[in-house]
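Letter by letter, the chains look like this.
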2 protein chains.
Amino acid sequence: MTYCIGLLLKKGLVFMSDTRTNAGIDNISTFKKMHSWSKPGDRVITMMTAGNLATTQAIVSILDERTKAPSERNPSIFEAPSMFQVARLVGETIREEIQTNAGVGETADSAFNATIILGGQIKGAPPRLFMIYPEGNFVEASDETPFFQIGETKYGRPILVRVFDSEMSFEDATKLMLVSFDSTLKANMSVGLPLDLQVYQTDDLEILQSHRIDADDDYYNLISTGWGDALKQAFLSLPEFTFESGAKE
Amino acid sequence: MTYCIGLLLKKGLVFMSDTRTNAGIDNISTFKKMHSWSKPGDRVITMMTAGNLATTQAIVSILDERTKAPSERNPSIFEAPSMFQVARLVGETIREEIQTNAGVGETADSAFNATIILGGQIKGAPPRLFMIYPEGNFVEASDETPFFQIGETKYGRPILVRVFDSEMSFEDATKLMLVSFDSTLKANMSVGLPLDLQVYQTDDLEILQSHRIDADDDYYNLISTGWGDALKQAFLSLPEFTFESGAKE
């Protein structure tokens, strides 16, 4: 499993992903699921992947190769005129990769799946955030739904839904994502530390912050231990239930 | 989908279930998923079901019929000498019902599945709580894992894990379950109001409280609106993140 979140803020884009991959419960590895391409001053493109690792790595490698010698290997995400065209390119690459391998016949237990969160900005247009499905089609984040999650999304969703605000600072957004990740990490062994964090500020056209948060990160541990107490306080702050008045027979 | 929680407290047992069933997203109904049998002074048995409605209703009806004329329709959950034997009986009934129907061939999209939370007390022994699988086998709650969830368990799990305490009062347990249900109801359309609540106090050998909580329940609405603010306060109470000290490059 995997857990990744992409947030579209007024100030820019924030991405966080875990790094655990597993082929069965007894075969656990660490792989980066966040990948970025940038031409400072022109564009920044960031992608997070969930699904079959062979499939997602192939997609990243194909996209990456094409950026290095775009004249020979068109189309490249460095040549695409808009983030929408980048998303189409990534979608086509997913679809082709899955079809090529699935066509030969899947013999593994897990399907050759891939879901991607893609975000970035190209000079002259605002930052955009997409979620791309294994079929190659995609949806775009909007004011109504300004964030996407992929992988094990459920444990960490209630806090995101309740606290997310597109006006929030990068610091608050990072804190919120860490709380959401902490709830997920505590519940699902297939989501694991370290976490990758990336912050992109609108119109910078280069990456503002890029961090790796591992098990001995002081702030993460503050959040992880503090959130249990904070939740208990929140629970205590709600009005008491009584059987007489609280519920009807 | 469904959401049910069973808690094993020092004071007794608390059960909560939703009532929504759906066959596809366009076919939604309300059915009770909580069922109780009691012989006051001798035993109280409560069951909550998740899974295929035809299967779970059949299981409840079979168990129910046997309690009414136990001399003709053995074995009955009213005759079983222990809660362990009751759980075995329920497990056998699940297995038989699933095998009988699945043998003929499933033509529906959904599998003939059923998962059950079973709890109760028989005179002379402590209250016990079980989770019974479609295969008919089961696990019992213990000090380490003193609660079970079935159905859509993920959204409402983080708050249960962080706040549950087996010493808590029935009132606090009810409040906790309502918070857990509220997070789930807000995230998954296939879990719906009204909710059924039942409280059993150790050694009473009769049901203490039995309520239905519907959409116009004042306390539920207090919790539902209050929890968002309480979560925000909890979030604000955590230390601030800064990019300088918060995460390592």
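Scoring rules and cut-offs
Residues numbered from 1 in each chain as written. Chains lettered and ligands numbered in written order. Predicted model: local features only at pLDDT ≥ 70, side-chain atom pairs only at ≥ 80, totals over all residues. Heavy atoms only, no water. Helix = DSSP H or I, 4+ residues; strand = E, 2+ residues; numbered from the N terminus. Rg over C-alpha atoms; globule rule 2.2 N^0.38 Å. Buried < 20%, exposed > 50% of the residue type's maximum accessible area, 1.4 Å probe, protein only. Areas by Shrake-Rupley, 256 points an atom, 1.4 Å probe, with all protein chains shown as cover. Lys, Arg positive; Asp, Glu negative; His and termini not counted. Charge placed at Lys NZ, Arg CZ, Asp CG, Glu CD. Contact = heavy atoms within 4.5 Å. Buried area = accessible area lost by both parts, 1.4 Å probe. Salt bridge = Lys/Arg side-chain N within 4 Å of Asp/Glu carboxyl O. Polar contact = N/O pair within 3.5 Å; in protein donor to acceptor, adjacent residues only side chain to side chain. Pairing = 2+ DSSP bridges. Axes fitted to C-alpha atoms, helices over the stretch in contact; angles between N-to-C directions. Least-squares fit on C-alpha atoms with pLDDT ≥ 70 in both. Core = buried A, V, L, I, M, F, W, Y, C linked by side-chain atoms within 4.5 Å.

As annotated in an unreviewed UniProt entry, chain A carries the name Proteasome-type protease and comes from Sneathiella marina.

Novice: What should I look at first to understand the overall build of chain A in this one?
Specialist: The number of helices and strands found in chain A is five helices and twelve strands. Against the globule reference of 18 Å for 249 residues, chain A gives a C-alpha radius of gyration of 20 Å, in line with a compact fold. If you line up chain A on its principal axes, its C-alpha atoms span 75 × 45 × 40 Å. Relative to its 249 residues, chain A shows a buried fraction of 53%. Of the roughly 10800 Å² that chain A leaves accessible, carbon and sulfur atoms contribute 48%. Positive and negative side-chain charges in chain A, numbering 22 and 34 respectively, have mean positions lying 3 Å apart.

Novice: How should I be thinking about the interface of chain A and chain B in this particular structure?
Specialist: Interfaces are often described in size by the accessible area the parts lose on coming together. The interface of chain A with chain B comprises 53 residues on the first partner and 53 residues on the second. Summed over both sides, the interface between chain A and chain B buries roughly 5000 Å², with carbon and sulfur atoms accounting for 66% of that surface. When the area that chain A buries against chain B is broken down by residue, the three leading residues are A:R162, A:F235 and A:F243, summing to 19%. The interface formed by chain A and chain B contains six salt bridges. Measuring nitrogen to oxygen at the nearest pair gives 3.6 Å for the salt bridge that ties A:K175 to B:E240. The interface formed by chain A and chain B holds 14 residue pairs in polar contact (both at pLDDT 80 or more) in total.

Novice: Help me understand the sheet that holds strand β7 (residues 114-122) of chain A, please; the structure alone is not making it clear to me.
Specialist: The strands that make up a sheet are held in pairs by hydrogen bonds between backbone atoms, and each pair lies either parallel or antiparallel. Residue and element names in this part refer to chain A. Across the sheet, which stays open at both edges, the five strands sit in the order β5-β6-β7-β8-β9 with antiparallel pairing between neighbours. Here the strands that pair on one side only, and so sit at the sheet edges, are β5 (34-39) and β9 (138-140). If you compare each strand with its neighbour and ignore which way they point, the axes differ by 15 degrees on average. As paired elements, β5 and strand β6 (residues 43-51) share six bridges and run antiparallel to each other. From the neighbouring strand, W37 faces β6, where its bridge partner is I45. Those strands touched by helix α1 (residues 53-68) are β5, β6 and β7, and its axis lies near 160 degrees from that of β6.

Novice: Even after reading the chapter, I still don't get the relation of the copies chain A and chain B, so can you show me in this structure?
Specialist: Two chain copies here: they are related by a rotation about an axis and a translation along the same axis. Taken as rigid bodies, chain A and chain B are interconverted by a rotation of 180 degrees and an axial shift of 0.0 Å, the fit giving an RMSD of 0.0 Å. Considering both components of the superposition, the chain copies are consistent with a two-fold axis. Of every C-alpha in chain A, the one belonging to A:Y155 sits nearest the axis of rotation, 2.5 Å from it. A share of 100% of the interface residues of chain A reappears at the interface of chain B, consistent with the copies meeting face to face through the same patch.

Novice: Sorry if this is basic, but what is going on with the sheet that holds strand β10 (residues 147-151) of chain A here?
Specialist: Residues and elements named next belong to chain A. A sheet is described by the order of its strands in space; here five strands give the open sequence β10-β1-β2-β11-β12, paired in antiparallel fashion. Edge positions in the sheet fall to β10 and β12 (209-213), since each has one partner strand and no second. Between one strand and the next, the sheet's axes are offset by a mean angle of 10 degrees, whatever the strand orientation. Set on the sheet, helix α4 (residues 170-187) makes contact with β1 (3-8), β2 (12-17), β11 (195-201) and β12; between it and β2 the angle comes to about 25 degrees.

Novice: Could you clarify how one ought to interpret the nonpolar core in this entry?
Specialist: Note that soluble globular proteins tend to have their nonpolar side chains buried in a common cluster. Counting residues in hydrophobic clusters, the biggest one holds 72 residues, and the most contacted among them are A:V14, A:W227, B:V14 and B:W227. Apart from the residues within four sequence positions on either side, B:W227 is in contact with A:R162, A:L231, A:A234, A:F235, A:L238, B:I159, B:V179, B:D182 and B:S183.

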